[in-house]
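Structural overview
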Amino acid sequence: MARDSDNKNYKVIAENRRARFDYAIEEDVECGIVLTGSEVKSLRLNSANIAESYAEVKDGELWLINSYIAPYEQAMFGHEDRRPRKLLASKRELSRMWNETARKGMTLVPLVLYFNHRGIAKIKIALAKGKRTVDKRETAAKRDWNRQKQRLLKEHG
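Residues numbered from 1 in each chain as written. Predicted model: local features only at pLDDT ≥ 70, side-chain atom pairs only at ≥ 80, totals over all residues. Heavy atoms only, no water.

With that settled, the discussion passes to the packing of aromatic side chains. Scanning all chains against the criterion turns up one aromatic pair. In this structure, R44 packs its charged tip against the face of F115, placed 4.0 Å from the ring centre. (Phe/Tyr/Trp six-rings, centres within 6.5 Å; stacked < 30°, edge-to-face > 60°. Lys NZ or Arg CZ within 6 Å of the ring centre and 35° of its normal.)

Given below as structure tokens:
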């Protein structure tokens, strides 16, 4: 199968870059997202933000909380910009996520919101554990060392 970037319909709408710095990501799951028509139109214009959002399992359903999708100006019936949005996942994935968050104290963090190769809006949710300040410093130091190492290899061949 072709890579996502090679596909003409694949399009990243919003990315949570801070998540990989603040959380140690164990695994990620692709979920569908229930949207209204004006929300889809707004997403096609790249007007969304998932940086402050999170997901939670409530009453056997997965919900995306505090995500921002800008109102679509030409819509006859608009939408609420920060409403909770239902995420679509299999029952097995839902129960596993609920167990991980309830028992192990993990968090469900959205990583990227995108249109897949068929033009359907999807969101990638990660099961993550919060990093302490020390871990964040180690990550930054490792990243800086790798950059410096690449520069040295490039210069001295």
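Following the sequence through the fold, D135 ends up in helix α4 (residues 133–156). Residue D135 is classed as partly exposed on the basis of its relative accessible area, which comes to 27%. Distance in space between the C-alpha atoms of D135 and D22 is 9.1 Å, their sequence separation being 113 residues. (Helix = DSSP H or I, 4+ residues; strand = E, 2+ residues; numbered from the N terminus. Buried < 20%, exposed > 50% of the residue type's maximum accessible area, 1.4 Å probe, protein only.)

Next up on the list: the side chain of S38. Along the polypeptide, S38 turns up in helix α2 (residues 37–44). If near-sequence neighbours (up to four positions away) are discounted, S38 is found in contact with Y72, A75, F77, G78 and H79. (Contact = heavy atoms within 4.5 Å.)

Quick look at α2 now. What α2 keeps buried is the set S38, E39, S42 and L43. Down the axis of α2, the buried set is contained in an arc of 140°. They therefore lie on one face. Turning to α2, the residues buried within the fold contact β1 (11–15), β3 (48–49), β6 (68–69), β7 (85–88) and β8 (107–115). N46, located one to two residues past α2, shows a positive phi value of around 60°. (Arc of directions from axis to C-beta.)

Moving on, we get to the pairing of strand β9 (residues 121–130). Of all the ten residues making up β9, seven are buried; the element is thus mostly covered by neighbouring parts of the structure. Pairing of strand β2 (residues 23–33) with β9, which is carried by nine bridges, proceeds in the antiparallel orientation. Paired with G32 across the strands is K122, a residue of β9. Bridge count for β8 against β9 is eight bridges, and the pairing is antiparallel. Note on β9: the bridge partner recorded for F115 is A121. What sits between the antiparallel neighbours β8 and β9 is a turn of five residues, in which G119 has the positive phi angle 85°. (Pairing = 2+ DSSP bridges.)

We now examine the nonpolar core. If you look at the biggest cluster of nonpolar residues, it comprises 25 residues, and the most contacted ones within it are L43, L62, L87, L108 and L113. Going through the elements one at a time, β1, β2, β4 (54–58), β5 (61–65), α3 (91–103), β8 and β9 are the ones with two or more residues in this core. The leading source of residues in this core is β9, at four residues. In this structure, V109, L111, A126 and A128 belong to the second largest nonpolar core, which totals five residues. (Core = buried A, V, L, I, M, F, W, Y, C linked by side-chain atoms within 4.5 Å.)

This paragraph deals with α3. Residue pairs spaced three or four apart in an α-helix point in one direction, given the helix's 3.6 residues per turn. When the terminal C-alpha atoms of α3 are compared, their 18 Å separation across 13 residues agrees well with the 18 Å that a helix rising 1.5 Å per residue should span. Turning to α3, its buried residues are L94, M97 and E100. The buried residues of α3 all sit within an arc of 135° when viewed along its axis, so they share a single face. α3 presents K91, R92 and R103 as exposed residues on the side facing more than 90 degrees away from its buried surface. Here the buried face of α3 lies against β2, β4, β5, β8 and β9. (Expected span 1.5 Å × (residues − 1).)

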